[in-house]
Amino acid sequence: PDRVYSTANGAGAVGGGALTPPLVTSGQLIENTAHTPLFNSTREGMSEYRFDLPAGDYLLTLQFVELVHNGPGLRRFSVLAEGRTLLQDLDLYARW
């Protein structure tokens, strides 16, 4: 499950709320992943996911799944890291 950011834990979501989508509660599995438990919850309305890390070089790996919206154009989001846009207006449903 996801966690909320605090200075004590140093990593987590800022804003929004966690939910378990109907796809998961109905027992359906996420296809093409060995990490099904990772995708059993989602967060709606968050403003950022924050990590407090010492200065250095890091490899960022992102994994996404669309569990709530079932059509193109219903959810778009961008991904920024250190102020740089890595993904602009990503629409998972339309892209895959």
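Look up: the structure comes first, before these words.
These notes cover the structure that comes with them. (Residues numbered from 1 in each chain as written. Predicted model: local features only at pLDDT ≥ 70, side-chain atom pairs only at ≥ 80, totals over all residues. Heavy atoms only, no water.)

**Examining the packing of aromatic side chains**
- If you walk through the whole model with that rule in mind, you get two aromatic pairs.
- Aromatic pair Tyr49 and Phe51: ring centres 5.3 Å apart, planes at 45 degrees, arrangement tilted.
- Take Tyr49: its relative accessible area is 34%, and that puts it in the partly exposed class.
- Ring geometry for Phe64 and Phe77: centres 5.3 Å apart, planes at 55 degrees, overall tilted. Taken together, the residues span a long stretch of sequence, with Phe64 in the loop between β4 (48-51) and β5 (77-81) and Phe77 in strand β5 at a distance of 13 residues.
- In this structure Phe64 comes out as partly exposed when scored by relative accessible area, which is 35%.
- According to the relative accessible area criterion, Phe77 is partly exposed, its value standing at 23%. (Phe/Tyr/Trp six-rings, centres within 6.5 Å; stacked < 30°, edge-to-face > 60°. Buried < 20%, exposed > 50% of the residue type's maximum accessible area, 1.4 Å probe, protein only. Helix = DSSP H or I, 4+ residues; strand = E, 2+ residues; numbered from the N terminus.)

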